[in-house]
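Spelled out from the first residue to the last, the chains are:
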Amino acid sequence: MLDPQQVGAARMLQPGEALPYGVKPVLLAATTVYGAVCVEHMLRSWAAGLPRPWLVLISDAPVRPVQAARYRVRALQSRLAGVSTVPYLAVLRAVEGAEQALEDKDVVAAAHRLRREMEGK
């Protein structure tokens, strides 16, 4: 869930846990074909009564995603509230947690950009 207590943090929903009222569901996936396939499978089982989720694609390499992954995500866009991409950030491969990652200026900039996109600002 994206920031349920309005403190700038997200938390994971456990399998079978009800989605609390007013939260924005977010799916995370790598910019790979496998990531896009996983998103497709998740959306196939997405309950009709739930709000459409936002998809955040995490770049797995400093290059453009392969065509098959781009195509699959484009085909799923009507089932999503929106799609954002986090650029490849090499520092994320070497950190132990979010606190350590947020010490890097590029990670902080990407986080601010992502939040603005998701909030529609």
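This report concerns the structure included in the present document. Numbers given to residues run from 1 along each chain, matching the order in which its sequence is written. A pLDDT threshold of at least 70 governs which residues receive local features in this predicted model, and a stricter bar of 80 or more applies before side-chain atom pairs are shown or counted, although totals over entire chains, interfaces and linings include all residues. Hydrogens and water molecules were not included; the side-chain quantities draw on all heavy atoms of the structure.

Observations regarding the overall build of the chain
Step number 1: Labels follow the DSSP assignment, with helices taken as runs of H or I lasting at least four residues and strands as runs of E lasting at least two, numbered in each case from the N terminus. Secondary structure assignment for the chain yields four helices and three strands.
Step number 2: Along the chain, from the amino end to the carboxyl end, the secondary structure elements read β-α-β-α-β-α-α.
Step number 3: This radius of gyration counts C-alpha atoms alone. The globule rule is 2.2 Å times how many residues there are, raised to the power 0.38. For the chain, whose C-alpha radius of gyration is 15 Å, the value lies close to the compact-globule estimate of 14 Å for 121 residues.
Step number 4: The buried share of the chain, taken over its 121 residues, is 25%.
Step number 5: Contact definition: two residues touch when any of their heavy atoms are within 4.5 Å. Within the chain, counting contacts between residues at least 6 apart in sequence, those at least 24 apart form 66% of the total.
Step number 6: Every accessible area reported is derived by Shrake-Rupley at a probe size of 1.4 Å, with residue values counting cover from the shown protein chains alone. For the chain, the accessible surface area stands at approximately 8,400 Å², while carbon and sulfur atoms represent 56% of it. Each residue is assigned to one of three classes by its accessible area relative to the maximum for its type, calculated with a 1.4 Å probe on protein chains only: buried under 20%, partly exposed between the two thresholds, exposed over 50%.

Brief notes about the nonpolar core
One recurring pattern in soluble globular proteins is that nonpolar side chains are buried together.
Step number 1: In this structure, Leu 27, Ala 29, Ala 36, Val 39, Leu 43, Leu 55, Leu 57, Val 73, Leu 76 and Leu 80 together form the largest nonpolar core, which totals ten residues.
Step number 2: For this core, the secondary structure elements donating two or more residues are strand E1 (26–30), helix H1 (33–44), strand E2 (54–58) and helix H2 (67–76).
Step number 3: Here this core gets three residues from one element, more than from any other, and that element is H1.
Step number 4: Core analysis: the second largest hydrophobic core is formed by eight residues, Val 56, Val 86, Val 107 and Met 118 among them. For the purposes of this section, nonpolar cores are sets of buried Ala, Val, Leu, Ile, Met, Phe, Trp, Tyr and Cys residues that join through side-chain atoms within 4.5 Å.

Here's the deal with the pairing of E1
Step number 1: Burial of the side chains of E1 is restricted to one face: Leu 27 and Ala 29 are buried, whereas none of Val 26, Leu 28 and Ala 30 on the reverse face is.
Step number 2: Two strands qualify as a pair provided that DSSP identifies no fewer than 2 bridges between them. Note that E1 and E2 share five bridges and pair parallel. Within E2, the position partnered with Ala 29 by the bridge is Leu 57.
Step number 3: A crossover counts as right-handed when, viewed with the strands pointing away from the observer, the path leading from the first strand over the helix to the second turns clockwise. Taken together, E1, H1 and E2 form a β-α-β motif whose crossover is right-handed.

Regarding the sheet that holds strand E3 (residues 82–86)
Step number 1: Strand order in this open sheet of three strands is E1-E2-E3, and the pairing throughout is parallel. Where the open sheet ends on each side, the last strands, each with one partner, are E1 and E3. Here the strands of the sheet are splayed against their neighbours by 20 degrees on average, with no regard to which way each runs.
Step number 2: Note on method: axes are straight lines fitted to C-alpha atoms, helices fitted across the in-contact stretch only, with angles between N-to-C directions ranging 0 to 180 degrees. Helix H4 (residues 105–119) contacts E1, E2 and E3 of the sheet and is inclined by roughly 175 degrees relative to E3.

Quick word on H2
Step number 1: Three or more residues of H2 are buried, namely Ala 69, Val 73 and Leu 76. Buried residues along H2 cover an arc of 60 degrees about the axis, so they all sit on one side. More than 90 degrees from the buried face of H2, the exposed residues found are Gln 67, Tyr 71 and Arg 74.
Step number 2: In the core, the buried residues of H2 are packed alongside H1, E2 and E3. Starting at the helix axis, one direction is taken to each C-beta atom, and the arc is that of these directions.

As for the packing of H1 against H2
Step number 1: Across the interface, H1 lies against H2 with an axial gap of 8 Å and an inter-helix angle of 20 degrees. With respect to H2, the element H1 is oriented roughly parallel. Pair H1 / H2 crosses with left-handed handedness. Judged by residue contacts, Val 33, Ala 36, Val 37, Val 39, Glu 40 and Leu 43 of H1 engage Ala 68, Ala 69, Arg 72, Val 73 and Leu 76 from H2.
Step number 2: Under the grouping applied here, Gly and all other residues not named as nonpolar or charged are polar, the nonpolar ones being Ala, Val, Leu, Ile, Met, Phe, Trp, Tyr, Cys and Pro and the charged ones Asp, Glu, Lys and Arg. When grouped by side-chain class, the residues that make up the contact of H1 with H2 number nine nonpolar, no polar and two charged. In what follows, roughly perpendicular refers to angles from 65 to 115 degrees, roughly parallel to angles under 35, roughly antiparallel to angles over 145, and oblique to any angle outside these ranges. Two helices cross in a left-handed way if the nearer one is turned anticlockwise from the farther one by less than a right angle. They cross in a right-handed way if the turn is clockwise.

These figures capture arrangement, not role.
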